[in-house]
Amino acid sequence: MGKLKVLFHVNELERWQRTLLNVINFVKDVGQENADIEVVANGAAVSAYSDKCQIAGGLGETSTSCGKANGELYEEMNKLAQMGIRFVACRNALRMHSLDENMLSPFITVVPAGITEIAKKQAEGYAYIKA
Amino acid sequence: MGKLKVLFHVNELERWQRTLLNVINFVKDVGQENADIEVVANGAAVSAYSDKCQIAGGLGETSTSCGKANGELYEEMNKLAQMGIRFVACRNALRMHSLDENMLSPFITVVPAGITEIAKKQAEGYAYIKA
Amino acid sequence: MGKLKVLFHVNELERWQRTLLNVINFVKDVGQENADIEVVANGAAVSAYSDKCQIAGGLGETSTSCGKANGELYEEMNKLAQMGIRFVACRNALRMHSLDENMLSPFITVVPAGITEIAKKQAEGYAYIKA
């Protein structure tokens with residue numbers, strides 16, 4: 001039946017861990033070759049794309065607001081990106097959170113508006129999942 | 001490729017600001033003439049359709065539970081409605097929150113059940129986005 | 001136009017009440033014979049499938065973290081299951097929350113990965129709703 005196409009939408013920083021766990025479990029279940037996965041971050045979730053995210057504290061109620069300490073979250077994304085999972089950032093959200101898109105890791109793709117990307121992908125047959 | 005059809009689902013009062021910001025950024029990105037947008041509110045989110053929403057305090061943990069003070073949120077909706085964005089309220093939710101649907105602004109459409117509306121719109125090809 | 005197919009995704013314990021209310025209102029609105037409903041739980045939400053869930057306290061900030069006290073939530077699910085609504089649990093989530101799937105009520109179906117189930121159902125034309 002071809003690849004299972006899934007778009008994960010994450011718009012809160014504290015939902016990243018859950019999102020990545022969902023991605024990992026999905027890939028394990030169907031096999032990497034059968035999964036076509038894109039993760040679109042907008043809102044506060046884009047902060048996880050910055051390595052400054054690891055300096056927690058001011059980001060949320062707990063010190064684990066980025067999900068994982070010391071860049072672990074970022075490392076997991078990087079590993080998943082090597083496996084073909086696409087990570088997308090909303091430019092509006094990056095600006096709103098004063099993040100310089102030129103400083104982002106090369107595995108992250110920036111789109112003008114995250115919502116447009118999500119809408120287009122669903123029109124292309126991607127399932128939508130909000131973590 | 002025709003208009004991009006998007007349905008925004010909002011069921012929490014504190015997610016209205018985010019939802020409207022998403023709507024605005026989406027319209028800016030694709031152009032008003034290319035966007036077909038409906039916002040469906042159920043649950044506690046319907047309270048934002050009432051002008052009493054501005055009298056915050058008891059609505060949430062903070063005084064900004066309606067997102068914006070003094071009717072700003074409502075004003076933004078009104079502006080977007082003039083641009084063709086449709087705002088829909090779930091009748092079940094209105095009743096549950098003791099809101100009289102005859103007191104709502106004319107730009108708001110009431111449907112018997114928000115979930116039915118969301119299901120039907122997706123069946124018609126609308127992308128689903130939860131803010 | 002055939003049955004309206006809807007998949008409800010619940011991944012937080014405190015969203016069960018809202019989810020079941022949505023299901024009930026939807027069925028009331030379109031009629032049981034016109035609704036094809038599946039509820040997929042992953043993450044912490046799977047705990048509601050256990051009868052231990054009623055022993056609240058440690059589960060969240062409030063004692064109502066399971067939504068309803070004394071098995072009311074479970075009873076409602078059971079009633080809905082009798083009406084043909086399917087309840088699905090993610091095996092990864094069950095393991096993560098140390099829940100024995102052999103102890104679950106017979107009306108609950110366990111799938112290897114909740115995300116795969118959600119993706120497949122959307123590919124089959126189910127609308128996605130996140131409560």
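Quick look at the structure, then.

Basis of the calculations
- Residues numbered from 1 in each chain as written.
- Chains lettered and ligands numbered in written order.
- Predicted model: local features only at pLDDT ≥ 70, side-chain atom pairs only at ≥ 80, totals over all residues.
- Heavy atoms only, no water.
- Pairing = 2+ DSSP bridges.
- Helix = DSSP H or I, 4+ residues; strand = E, 2+ residues; numbered from the N terminus.
- Axes fitted to C-alpha atoms, helices over the stretch in contact; angles between N-to-C directions.
- Contact = heavy atoms within 4.5 Å.
- Buried area = accessible area lost by both parts, 1.4 Å probe.
- Salt bridge = Lys/Arg side-chain N within 4 Å of Asp/Glu carboxyl O.
- Polar contact = N/O pair within 3.5 Å; in protein donor to acceptor, adjacent residues only side chain to side chain.
- Nonpolar A, V, L, I, M, F, W, Y, C, P; charged D, E, K, R; others polar.
- Least-squares fit on C-alpha atoms with pLDDT ≥ 70 in both.
- Expected span 1.5 Å × (residues − 1).
- Buried < 20%, exposed > 50% of the residue type's maximum accessible area, 1.4 Å probe, protein only.

**A look at the sheet that holds strand S2 (residues 35-41) of chain A**
With parallel pairing, the five strands of this open sheet are ordered in space as S4-S3-S2-S1-S5 (chain A). In this open sheet, the two strands that pair with only one neighbour each are strand S4 (108-111) and strand S5 (127-130) of chain A. Mean inter-strand twist for the sheet, computed between neighbouring axes without regard to direction, equals 25 degrees. Relative to S4(A), strand S3 (residues 86-90) of chain A runs parallel, the two being bridged by four bridges. Residue pairing in the sheet places Ala89(A) in a bridge with Val110(A) of S4(A). Running at roughly 155 degrees to S2(A), helix H4 (residues 114-123) of chain A makes contact with strand S1 (4-10), S2, S3, S4 and S5 of chain A of the sheet. Each of S1 and S5 of chain A touches helix H4 (residues 114-123) of chain C; the most contacted strand, S5(A), lies at about 140 degrees to it.

**Regarding the interface of chain B and chain A**
Facing the 16 residues of chain B at the interface are 17 residues of chain A. Summed over both partners, the interface of chain B with chain A buries about 1300 Å², with 61% contributed by carbon and sulfur atoms. It is Leu4(B), Asp29(B) and Ile129(B) that lose the most area in chain B upon contact with chain A, and together they represent 29% of the buried surface on that side. Where chain B touches chain A, the interface holds two salt bridges. Among the ionic pairs, Arg15(B) bridges to Glu12(A), the shortest N-O distance being 3.5 Å. For the interface between chain B and chain A, the tally reads eight residue pairs in polar contact (both at pLDDT 80 or more). Every element with two or more residues in the side of chain B that touches chain A is listed here: strand S1 (4-10), helix H1 (16-30) and strand S5 (127-130) of chain B.

**Concerning the interface of chain C and chain A**
Contact residues are listed per partner, giving 17 residues for chain C and 16 residues for chain A. Taking both partners together, chain C and chain A bury about 1300 Å²; carbon and sulfur atoms supply 61% of that area. For the interface between chain C and chain A, the tally reads two salt bridges. Put simply, chain C and chain A have eight residue pairs in polar contact (both at pLDDT 80 or more) between them. The set of elements that each furnish at least two residues to the side of chain C that touches chain A consists of helix H3 (91-96), H4 and strand S5 (127-130) of chain C. No other element matches H4(C), which puts six residues into the side of chain C that touches chain A. Partitioned by chemical class, the residues of the side of chain C that touches chain A number seven nonpolar, six polar and four charged.

**Structural notes on the relation of the copies chain B and chain A**
Mapping chain B onto chain A is achieved by rotating through 120 degrees and translating by 0.0 Å along the same axis, at an RMSD of 0.0 Å. Those values place the two copies in the arrangement expected of a three-fold rotation axis. Comparing contact sets, just 19% of the residues at the interface of chain B also lie at the interface in chain A, consistent with a heterologous contact between different surfaces.

**Description of H1(B)**
Because the α-helix completes a turn every 3.6 residues, residues three or four places apart line up on one side. Along its 15 residues, H1(B) runs 21 Å from first to last C-alpha, staying within 8% of the 21 Å computed at 1.5 Å per residue. Those residues of H1(B) lying buried are Trp16(B), Thr19(B), Leu20(B), Asn22(B), Val23(B), Asn25(B), Phe26(B), Val27(B) and Val30(B). As for H1(B), its buried residues are in contact with helix H3 (91-96) and H4 of chain A together with S1, strand S2 (35-41), helix H2 (72-82) and strand S3 (86-90) of chain B. Positioned one or two residues after H1(B), Gly31(B) has a phi angle of 90 degrees, which is positive.

**Points about the environment of Leu80(C)**
All names here are of chain C. Mapped onto the fold, Leu80 is located in helix H2 (residues 72-82). Separated by twelve residues in the primary sequence, Leu80 and Asn92 place their C-alpha atoms 24 Å from one another. With residues up to four places along the chain from it excluded, the contact list for Leu80 reads Leu20, Val23, Ile24, Ile85 and Phe87.

**Here's the deal with the sheet that holds strand S4 (residues 108-111) of chain B**
All names here are of chain B. Ordered in space as S4-S3-S2-S1-S5, the five strands form an open sheet in which the pairing is parallel. Unpaired on one side and paired on the other, S4 and S5 mark the two borders of the sheet. Each strand axis lies, on average, 25 degrees off the axis of its neighbour in the sheet, ignoring direction. Judged from the seven bridges that link them, S1 and S2 form a sheet pairing that is parallel. Looking at S2, one finds that Phe8 is bridged to Val39.

**A closer look at the relation of the copies chain C and chain A**
For the pair chain C and chain A, the best superposition has an RMSD of 0.0 Å and corresponds to a rotation of 120 degrees with a translation of 0.0 Å parallel to the axis. Little of the interface of chain C is mirrored in chain A, where only 18% of its interface residues again form contacts.

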